[in-house]
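# Results of the structural survey
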Amino acid sequence: MILYRNDPNEYQLITYIRQESHNSKTDCDNANLSKFNAEDIAHHTQLFVLYSEHIPRNSNLIDASKALDTIAQGLATQYKTGTVSPAFCKIKFDSLETSAEKLQKVIGGRPR
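Residues numbered from 1 in each chain as written. Predicted model: local features only at pLDDT ≥ 70, side-chain atom pairs only at ≥ 80, totals over all residues. Heavy atoms only, no water.

## Points about the state of the cysteines
The line we're drawing: In this description, a disulfide is simply a cysteine sulfur pair whose atoms lie within 2.5 Å. Where helices and strands are cited, they refer to DSSP runs of H or I of at least four residues and of E of at least two residues respectively, numbered from the N terminus. For each residue, the accessible area found with a 1.4 Å probe, counting protein chains only, is set against the maximum for its type, and the residue is called buried under 20%, exposed over 50%, and partly exposed in between.
One pass over the full model with this rule turns up one disulfide. C28 shares a disulfide with C89; S-S distance 2.0 Å. When the S-S torsion is -70 degrees, as for the bridge of C28 with C89, the disulfide is left-handed. Of this pair, C28 sits in the loop between α1 (8-24) and α2 (31-52) while C89 sits in helix α4 (residues 86-108), and the two are 61 residues apart along the sequence. As far as burial versus exposure is concerned, C28 and C89 are alike and both buried.

## Observations concerning the side chain of S65
Among the structural elements, S65 can be located in helix α3 (residues 59-81). Since its relative accessible area comes to 0%, S65 is described here as buried.

In structure tokens form, the structure reads like this:
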């Protein structure tokens with residue numbers, strides 16, 4: 001049996017993404033601030049994908065990080081191409097937070 005080691009860098013990145021997703025939901029009524037938040041999280045989810053993609057025996061986490069990035073990039077693109085309603089903003093940030101929490105549990109549950 002192969003034990004996957006806990007990676008504090010992965011854990012820090014996913015914790016940041018989760019925290020910022022949570023905090024950003026309260027800013028959805030401010031279009032400029034929520035656009036900034038969406039772009040910031042999209043940069044961090046992209047960093048998470050790039051960091052995770054070459055770690056050996058990490059295919060499940062790579063796939064999950066790409067799915068998370070797809071949500072974040074979609075939200076950032078929506079802000080670039082048009083108007084985003086506060087309700088849509090909150091739904092997307094909530095989705096990012098929920099996905100990040102699931103990833104955080106997986107990463108945090110690895111042996112240290």
